[in-house]
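# Fold and geometry: a report
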Amino acid sequence: MKTDADEKRGDPAGLLFGLGLAASCVFVALQSWEYGLGSFRRMGPGLLPFMLGLAGILLGLAMAWRSVRSPLLEGAYLPLRRLIFIGGAFVFFALAIEPVGLMGTLFCTTIIGAFADADALPTQTLALAAGLTATIWLVFVHLLGLAIPLWPNFL
Amino acid sequence: METLANLGAGFEAVLTLQNLFYCFVGVTMGTFIGALPGLGAMLGIALLLPVTLYLPAEASIIMLAGIYYGGEYGGSISAILINVPGTPSSTVATLDGHQMARQGKAAVALFASALASFLGGSIGIVLMILFSPIIASFALNFGSVEYFAVMLVGLLGAASVSSGSRLKAYVAVLLGLLFGTMGADISSGVQRFTFGFSEFISGISLVALAMGLFGFAEIICAQTKIISDKAKSHVRMRDMIPSRDEWRRSFGPFWRGTSLGALLGALPGTGPTIASFMAYSQEKRLSRTPEIFGKGAIEGLVAPESANNAAAQTAFIPTLTLGIPGTATMALILGALIVQGIQPGPRMMTENSDLFWTLIASFWVGNLLLLVLNIPLVGLWVKLVSVPYRFLFPCIICLICVGIYSIELSTFGVWVIIGTGLLGCIMRTVAIPAAPLLMGFILGPLMEENLKRALQISRGDFTVFITSPISAVCMMLVLVIILMPLIIRVVKRSAR
C-alpha cells in the first residue's frame, strides 16, 4: 500500500545530484572568474564557463527543489554486482596493462568482467578469456600493428 | 545531371573492395548490436571509433554510418521475434510485429519490416541527394551569427523532445557544454579546467567520453533480459512473401510513414524513435479499422519501420550540410568526422564533395547489404542475440579498454572512461539522459567560437541576433521551445 506519506517522501538521489551540481557550478563560476571574463566585445576565456556556472547553479537548485516534492523515482537503481565487477575490470586493466602486458591483462580482465553476470561458469569463462585475448591480439596487434607490450616487462 | 555524375563517382568509390568491406563490417555490427536488447548503435560507434583512427576518412565514416542505420534493421528483428525491442526506435514494432509472429506470420513480418526499412531508407537517401546541395548552398551565406542561432535551436530542440523531465535534459546539456569548455581556450591559450593534467590540454577526448557514457555506463545499467528461451529461429524463406491483400494494405502506411519519418529525421531532436511512434499513431488514427492495431496489423508494422529508416537517413542532411547534428548519434558521427580533420558544413559539399557522394552511395550499398543480410540470415541473428551477457560484457570491456589504450598508449584514457562512466551511472539513477550531454559537448566549442566571433564583429552588440532574419527566426524558436511548456502548464492550472 502506498500512503500519502510515501508519495511525499521525495527523491533523495535527485536532491543530492541537484545540490552537488549547484556546488560544482559554484566552483566552475569562481574558477572561470580567474580565467578572465573579458567583455562581450572581446570575450575572455572565462566568460562562457562563468555563464554556464551560473546557469548550472540555477538548474541544480531547481532540480533539488523539484526532487524534494516529487515522489520517489521508481526503477532507477544501480546494479551493484555489475558495478563492482565491470568497474573492477576497467580498474584492473588500467593498473595492469603497463606492468603485465596485453596478454595477461586481457585474460584477467575478461574473467573479472564475466563475473558481472551471476551465472558465469568457470570453464566457459576461461575458454572465453583465451579466445578473446587471442582475437584482440589478432585484430589490434597483428592486423592494425599496435605497439603494445605483450608480456610482463620483467620477463 | 551533375548530381547523377557525382553519384556515379560516389558509387565507383564505394564499390572498391576496401570500402565494401568496411560498409559490410559496419552494417553487420550495427545489425548485431541493434538486435541486442539494451545495447544501441551508440555503443557500436563508440567501440569502433578508435579503430577508425587507423582508417582513411572515407572508410571510417562509411563504417560508422553503417552501424547507425544497420542498428535500425537489427532492432526490428528482436522486436518481432522475441518481443524485446533491440533499439528504442523499434519499440513500436513489438506491438503488431510480434503479434504477427505469434500468429505464425513471423516470416511475413520480417520480410515486410526489412522491405519497408529498405524502401523507406532509399527514399530518405533520394531526399538527401535532392536537398543537401540546396541547403548547403543556402548555408554558405551563414555567418557566425546564423550558425550560433541555428546551433542553439538544435541543442535546445534536441533536449526538449527527449523523453522524461525537460529540466533533467537541460542539466545534461549543461554538463555537456561544461565538458566542452575543458582544455586550452583557442584564442587566448588559457587552460580551462585541466586540473593540472597535461592530457586535458587538448580537451577531454570524445572517444573516452562516448565510451564512458555509452559503453561503461550502458553495460552496467542496461536492462538485460533473458531471451534465449523465447527465440524462435525457424523462419523459412518461402513463407516470407506477403499475400496480395497484405501488399495492398501496406501501400498507404508505407508512404505516410516514409514522409513523416523523412521530415522528422531532418529536424533537430526528432530522430527515428519519435518518427516511429508518430507514424504508428498516425496510421491508427487514419485507419478505418483501428481495432485491429496491436493484434498483428501489417499496417502497424510497415508505417513505423519505413518511418524510422527514412528518418535515420535524412538525419544526415543537417549533420553534413550544416554541421549541426540533430541527435546524439549524429553528434558522435560528426565528432568522428572532425577527428578525421573534416569539418562538416556547407563547405564540405564543395571541398570534400567526393566524400559526401561516396557516403551517400555507401548508404545505398549498405541498405542493400542489410536487405540481403536480413532476409535469408534472420535465423543466424536470432541465435547471435541469444548469446548470454556473461560472454558479451567481457568482450565489450576488453574492446573498450584496448581501443582507448591504443590511441595514445597511455592508461589516462581508461581512467577518464571510468570517471565519465561513473558519472553516466549516477545520471541514470537520477534519470538524466546521456544523449543531450554528448550534443552539448560536441556543439559547445563550435557555439563558443561562433558567439565570440559574432560579438567581436558586432562590437559586443547582442541585437545582431535579432537583426539577421535567419537568426531572428531561430531566436523566436528558442523562446517557443523554452516558454511553451511553462505557458501550457499555466493555462492548464488556470483551467482547473
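In this text, all values refer to a predicted model and were calculated from it rather than measured experimentally. (Residues numbered from 1 in each chain as written. Chains lettered and ligands numbered in written order. Predicted model: local features only at pLDDT ≥ 70, side-chain atom pairs only at ≥ 80, totals over all residues. Heavy atoms only, no water.)

Our next topic: the pattern of salt bridges. Residue and element names in this part refer to chain B. On inspection of all chains with the given rule, the structure shows 10 salt bridges over all chains. One salt bridge in this structure joins Asp185 and Arg192, with 3.9 Å as the shortest N-O distance. Considered together, Asp185 and Arg192 belong to a single accessibility category, that of buried residues. In this structure, the salt-bridge partner of Arg249 is Glu299, at a minimum N-O distance of 3.2 Å. Placement of the pair is Arg249 in helix α9 (residues 244-266) and Glu299 in helix α11 (residues 299-314), with a sequence separation of 50 residues. Overall, Glu299 belongs to the buried group, its relative accessible area being 11%. Bridged by salt links that share partners, the residues Asp185, Arg192, Glu448 and Lys452 form one connected network. (Salt bridge = Lys/Arg side-chain N within 4 Å of Asp/Glu carboxyl O. Buried < 20%, exposed > 50% of the residue type's maximum accessible area, 1.4 Å probe, protein only. Helix = DSSP H or I, 4+ residues; strand = E, 2+ residues; numbered from the N terminus.)

How two aromatic rings sit relative to each other is given by the distance of their centres and the angle of their planes. By the definition in use, this model includes 22 aromatic pairs over all chains. With a centroid separation of 5.5 Å and an interplanar angle of 85 degrees, the aromatic rings of Tyr35 of chain A and Phe193 of chain B are classed as edge-to-face. In this pair, Tyr35 of chain A is assigned in helix α2 (residues 12-35) and Phe193 of chain B in the loop between β2 (191-192) and α8 (206-221), connecting two distinct chains. Taken individually, Tyr35 of chain A and Phe193 of chain B each receive the classification buried, so the pair is uniform in this respect. On the numbers, 5.2 Å between centres and 70 degrees between planes, the contact of Phe254 of chain B with Trp255 of chain B is edge-to-face. Taken together, the ring pairs connect Phe40 of chain A together with Phe148, Phe462 and Phe465 of chain B into an aromatic cluster. (Phe/Tyr/Trp six-rings, centres within 6.5 Å; stacked < 30°, edge-to-face > 60°.)

Below, the discussion takes up helix α15 (residues 353-374) of chain B. Structural remark: α-helix, 3.6 residues per turn; residues separated by three or four positions point the same way. In a regular helix each residue adds 1.5 Å, so 22 residues correspond to 32 Å; α15 of chain B covers 31 Å between its end C-alpha atoms and thus fits that length. Judged by how many residues are buried, α15 of chain B sits mostly within the fold: 17 of 22 residues are covered. (Expected span 1.5 Å × (residues − 1).)

On to the environment of Thr327 of chain B, then. In this fold, Thr327 of chain B is placed in the loop between α12 (316-321) and α13 (328-339). Spatially, the C-alpha atoms of Thr327 of chain B and Phe316 of chain B are 9.9 Å apart, while their sequence positions differ by 11 residues.

Our focus in this paragraph is a positive patch on the surface. Side chains of Arg66 and Arg69 of chain A together with Arg489, Lys492, Arg493 and Arg496 of chain B sit close together on the surface and give a patch of like positive charge. Listed by contribution, the elements that provide at least two residues to the positive patch are α3 (47-69) of chain A together with α21 (469-495) of chain B. In terms of residue count, α21 of chain B provides more of the positive patch than any other element does, 3 residues in total. Following the sequence through the fold, Arg489 of chain B ends up in helix α21. (Patch = residues over 30% accessible without salt bridge, like charges linked within 9 Å, V, L, I, M, F, W, Y side chains within 5 Å. Areas by Shrake-Rupley, 256 points an atom, 1.4 Å probe, with all protein chains shown as cover. Lys, Arg positive; Asp, Glu negative; His and termini not counted. Charge placed at Lys NZ, Arg CZ, Asp CG, Glu CD.)

In this section: the nonpolar core. Residues Phe90 of chain A together with Phe316 of chain B are the most contacted members of the largest nonpolar core, which totals 206 residues. With 19 residues, the top contributor of residues to this core is helix α5 (residues 93-139) of chain B. For Phe316 of chain B, the contacting residues outside a window of four places in its chain are Ala65, Tyr68, Met128, Thr321, Met330, Ile333 and Phe363 of chain B. By size, the runner-up hydrophobic cluster in this structure holds 7 residues, among which are Leu260, Leu264, Ala279 and Ala307 of chain B. (Core = buried A, V, L, I, M, F, W, Y, C linked by side-chain atoms within 4.5 Å. Contact = heavy atoms within 4.5 Å.)

With that settled, consider the confidence of the model for chain B. Residue and element names in this part refer to chain B. In the predicted model, chain B carries a mean pLDDT of 84, and 96% of its residues have values of at least 70. Per-residue pLDDT, averaged within each element of chain B, yields its smallest value for helix α16 (residues 378-385) (74) and its largest for helix α18 (residues 412-429) (92). Low pLDDT, under 50, characterises residues 226-231; the stretch is placed with 10 contacts to residues that sit more than four places away or in other chains. Our summary of model confidence lists the complex with pTM equal to 0.84 and ipTM equal to 0.88. (pLDDT = per-residue confidence, 0-100.)

Residue and element names in this part refer to chain B. Between helix α3 (residues 41-52) and helix α4 (residues 57-82), the shortest axis-to-axis distance is 9 Å and the interhelical angle comes to 165 degrees. Considering their axes alone, α3 and α4 lie roughly antiparallel with respect to each other. Regarding α3 and α4, the two cross each other, and that crossing is right-handed. Contacts from Ala41, Gly44, Ile45, Leu48, Leu49 and Thr52 in α3 reach Ser60, Met63, Leu64, Ile67 and Tyr68 in α4. When grouped by side-chain class, the residues that make up the contact of α3 with α4 number 8 nonpolar, 3 polar and no charged. (Axes fitted to C-alpha atoms, helices over the stretch in contact; angles between N-to-C directions. Parallel < 35°, antiparallel > 145°, perpendicular 65-115°, else oblique. Left-handed = near helix turned anticlockwise from the far one by under 90°. Nonpolar A, V, L, I, M, F, W, Y, C, P; charged D, E, K, R; others polar.)

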